[in-house]
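What follows is each chain in one-letter form.
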Amino acid sequence: MCGIVGYVGPQNSLDVILEGLRRLEYRGYDSAGVAVLAGGRLTTVKKAGKLANLEKVLAEESLPAATIGIGHTRWATHGGPTDRNAHPHVSADGTVSVVHNGIIENFAVLRAECEAAGVEFTSETDTEVVAHLLAAAYRKTPAGDDRLAEAMRTVSRGLEGAFTLVASHADEPDRLVASRRNSPLVVGVGDGEYFLGSDVAAFIAHTSDALELGQDQVVVIDRERGVSVTDFAGAPVEPTAYTVDWDAAAAEKGGYDWFMLKEIAEQPEAVANTLLGRLGAAGELVLDEVRLSDQELRDVDKIFVVSCGSSFHAGLIAKYAIEHWTRIPVEVELASEFRYRDPVLDRSTLVIVVSQSGETMDTLMALRHAKEQKARVLAICNANGSTIPRESDAVLYTRAGPEVAVASTKGFLTQVVACYLVGLFLAQVRGVKYTDEVAAIVEDLRALPDAVATVLAGMEPVRELARSLADANTILFLGRHVGYPVALEGALKLKELAYIHAEGFAAGELKHGPIAVIDQGTPVIVVVPSPSSRESVHGKVVSNIQEVRARGARTIVIAEEGDEDVVPYADHLIRVPRTPTLLAPVVTTVPLQVLACEIAATRGLDVDQPRNLAKSVTVE
Ligand code: F6R
């Protein structure tokens, strides 16, 4: 949520910042702004709406040439998405310009103190108070190279909540200062140039050398002195260096109309990358990177999977697989609820936190709660160097590559696959499955990338179907067993992209209430399990299709190749390759992603940046 860029170096800072903001716009797009420093003066330009609005203004105004500056793209929390509330915010004396991601929880008290001292505020944001406080702290701090950092440390110590702050001071032409608590910030180190970004996408076109920052740290990037980091008390800290393994091209659209289409198309490769090097030649799991010992894994007597949104749906799928393979009880929790209901956790509990971005605040807070209760925490994450894997005991990266579209696709699919790997690894280490049983599932996993590619190759009828559904008021999604979370995921995709009311149900629940909403022509999408599924779940779902059809529903059926039982009851039939039941979500989700994307595009909506949403949700 909110994208931040800072730059110091030889290049035209405005160009670097705008390029970074373009890559970060998926984090928030309610407004955007920049501030550059030249000749001892800060020039700030900001505009409500998408980045394109700001670029239009900048094209009309000529900003002074500068080699230092900051930029911001906003997802509004305090104050509506207006020009005035857009960042950067400037101190009353004009010396400080600041951008912020997060929420300053004690801003009302701080604002009242500033107002009592005669400061006039020009916005409704929680951020503006930092600009005034930083300017005042700077005035009181003795001159010297450390002055800006010391002023930022003073201000940061007095703030509550979550924040990444990046600030420029008119009297400091060679350095920017930043501070972070609970919100993301990474440093890019180039050749004589330095970058600050909410994530590496901000500077990926310039350098792949990055520094990871910890909690409660202040960093200065300085033209001459490079990067220096301290904690809030001023003690020096050595940041962790790492190399970004995503290239700039991976974060481009590559000829597709939308990032989402590109990311959907990348799924066979993304799934293959999640599996890469983790399936041994003898059909065993090789997860050396999971830093939990075999004994720790053998001691686990309960598992929680904790996550939000699509990642929560991945957790729901994981429950079926992990319980079946390991016989360990698994509970799946929304991260935003987890810590508030006082879950029973102890040393033998494994908490699996699932997060594409690695920055979701609800998930991060749940993780910290789990650690306080002494549980072991394993992260399944896509973004290298992000906060959630850094604070977890162990991590399994999904390796999906950068996911730019706000709606998760390859991020989700690879989370599901990573959950399978964890479940199967637990079964292997604990000896609850014979070697040949594990090897058989490993073979099934190896087949997944091709199965996803086969689904993608047959999507033309889904595109046609999308055009006929674009005017629907409500679309229902049904599934049983692992098809139930797939139905939830399909409904979420449709809601967030096409703004059509959509709900996912466990097919068996339908007759307990929801069936009442079905009317003549209501589209109902049914995810049908394999005919080989256990305890005739398949037969039950076929009955459910007949029930909704008898009440006028227009049935859209997703079923395995060769499943002839569904044919008489399907108004539209979408075929997917035969896949073992527990792994089927990896193929059945894909047509639902394509459907939502195409319906949104048909309705003329912005597929990559749906209204009111942001990619990385860094507020609770
Ligand atoms: C939906 C979507 C969101 C995210 C959720 C969690 O398409 O993308 O529901 O899944 O915000 O995000 P991460 O996985 O980054 O923690």
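Residues numbered from 1 in each chain as written. Predicted model: local features only at pLDDT ≥ 70, side-chain atom pairs only at ≥ 80, totals over all residues. Heavy atoms only, no water.

A. Fine view of the overall build of the protein chain. In terms of regular secondary structure, the protein chain is built from 19 helices and 24 strands. Whereas a compact globule of 620 residues would reach a radius of gyration of roughly 25 Å, the protein chain reaches 25 Å, a difference of no more than 12%. In terms of principal-axis extent, the alpha carbons of the protein chain reach across some 80 × 55 × 45 Å. Counting across all 620 residues of the protein chain, residues that qualify as buried make up 62%. In the protein chain, 71% of the contacts between residues at least 6 apart in sequence involve partners at least 24 apart. (Helix = DSSP H or I, 4+ residues; strand = E, 2+ residues; numbered from the N terminus. Rg over C-alpha atoms; globule rule 2.2 N^0.38 Å. Buried < 20%, exposed > 50% of the residue type's maximum accessible area, 1.4 Å probe, protein only. Contact = heavy atoms within 4.5 Å.)

B. Region of interest: empty space enclosed by the protein. For the coordinates displayed, the defined rule picks out 5 cavities of 30 Å³ or more. Approximately 390 Å³ is the volume found for the largest cavity. Residue composition of the lining of the largest cavity, grouped by class: 15 nonpolar, 8 polar and 9 charged. Here the lining of the largest cavity spans two domains, since at least three of its residues come from each of domain 1 (3–250) and domain 2 (253–446). Its volume calculated, the second largest cavity comes out at about 80 Å³. (1 Å grid on protein atoms, 1.4 Å probe; cavity = no way out; pocket = protein on both sides within 12 Å on 5 of 7 lines; lining within 4 Å. Points joined across faces, edges and corners; volume = space filled by probe spheres on them. Nonpolar A, V, L, I, M, F, W, Y, C, P; charged D, E, K, R; others polar. Domains from an automatic or database assignment.)

C. Inspection of the site of the ligand at higher detail. In the region of the ligand, 15 residues are neighbours, and Ser311, Ser355, Ser357, Thr360 and Glu496 sit closest. Here Val406 contributes a backbone N or O atom positioned 3.4 Å from an oxygen atom of the ligand. In the complex, 90% of the free accessible area of the ligand, which totals 410 Å², lies under the protein chains. When atom positions are compared with the pocket grids, the ligand is found to occupy the largest pocket. When contributions to the shell around the ligand are tallied by element, the ones reaching two or more residues are helix H9 (309–326) and helix H17 (483–498). Here the residues of the shell around the ligand are counted per class, giving 4 nonpolar, 9 polar and 2 charged. Two domains each put at least three residues into the shell around the ligand: domain 2 (253–446) and domain 3 (456–608). (Near = heavy atom within 4 Å. Polar contact = N/O pair within 3.5 Å; in protein donor to acceptor, adjacent residues only side chain to side chain. Areas by Shrake-Rupley, 256 points an atom, 1.4 Å probe, with all protein chains shown as cover. Sits in = over half its atoms within 2 Å of the grid points.)

D. Focus on the pairing of strand S8 (residues 175–181). With 7 of 7 residues buried, S8 lies mostly within the body of the structure. On S8, burial covers both faces: Arg175, Val177, Ser179 and Arg181 on one face and Leu176, Ala178 and Arg180 on the other are all buried. As paired strands, strand S7 (residues 161–169) and S8 are joined by 4 bridges and run antiparallel to one another. The partner of Thr164 across the bridge, within S8, is Arg180. Connecting S7 to the next strand, S8, in antiparallel fashion are 5 residues. By the bridge criterion, 6 bridges tie S8 to strand S12 (residues 217–222) in an arrangement that is antiparallel. Residue pairing across strands places Arg180 opposite Gln217, the latter belonging to S12. (Pairing = 2+ DSSP bridges.)

E. Representation of the layout of surface pockets within the structure. By volume, the largest pocket is sized at about 580 Å³. Lining the largest pocket are 27 residues, and of these Cys308, Gly309, Ser310, Lys615 and Val617 sit closest to its centre. Looking at the lining of the largest pocket, the elements with two or more residues in it are H9, strand S17 (349–355), helix H11 (361–372) and H17. No other element matches H17, which puts 4 residues into the lining of the largest pocket.

F. Fine view of helix H1 (residues 13–24). Look at H1: 16 Å from first C-alpha to last across 12 residues, which is about the 16 Å you get at 1.5 Å a residue. Burial analysis of H1 places 9 of its 12 residues in the buried class, the great majority of the element. For H1, the elements touching its buried residues are strand S1 (3–8), strand S2 (31–38), helix H2 (51–60), strand S4 (68–74) and strand S10 (194–197). Taking the backbone nitrogen of Leu14 as reference, a side-chain oxygen 3.0 Å away marks Asn12 as the first, capping residue of H1. (Expected span 1.5 Å × (residues − 1).)

G. Structural view of the side chain of Thr349. Looking at where Thr349 falls in the secondary structure, it is placed in strand S17. Accessibility expressed as a relative area gives 2% for Thr349, which makes it buried.

H. Up close: the packing of H17 against helix H19 (residues 585–602). Between H17 and H19, whose axes approach to 9 Å, the crossing angle comes to 15°. When the axes of H17 and H19 are compared, the pair comes out roughly parallel. Crossing handedness for the pair H17 and H19: right-handed. Counting all contacts with H17, which are made through Val486, Glu489, Gly490, Lys493, Leu494, Leu497 and Ala498, the residues of H19 involved are Pro585, Thr588, Thr589, Leu592, Ala596, Cys597, Ile599 and Ala600. Grouping the amino acids of the contact of H17 with H19 by side-chain chemistry returns 10 nonpolar, 3 polar and 2 charged. (Axes fitted to C-alpha atoms, helices over the stretch in contact; angles between N-to-C directions. Parallel < 35°, antiparallel > 145°, perpendicular 65-115°, else oblique. Left-handed = near helix turned anticlockwise from the far one by under 90°.)

I. Spatial organisation of the domain arrangement of the protein chain. Domains assigned within the protein chain are domain 1 (3–250), domain 2 (253–446) and domain 3 (456–608). For domain 2 and domain 3, the distance between their C-alpha centres works out to 25 Å. If you look at the interface, domain 2 gives 30 residues, while domain 3 gives 29 residues. Roughly 2,400 Å² of surface becomes buried between domain 2 and domain 3 when both sides are summed, with 74% attributable to carbon and sulfur atoms. For the interface between domain 2 and domain 3, the tally reads 0 salt bridges. (Buried area = accessible area lost by both parts, 1.4 Å probe. Salt bridge = Lys/Arg side-chain N within 4 Å of Asp/Glu carboxyl O.)

J. Structural context of helix H4 (residues 128–140). The end-to-end C-alpha distance of H4, which contains 13 residues, comes to 19 Å, matching closely the 18 Å that a straight helix rising 1.5 Å per residue would cover. On its buried face, H4 is in contact with strand S5 (89–90), strand S6 (96–104), helix H3 (107–116), helix H5 (147–157) and S7.

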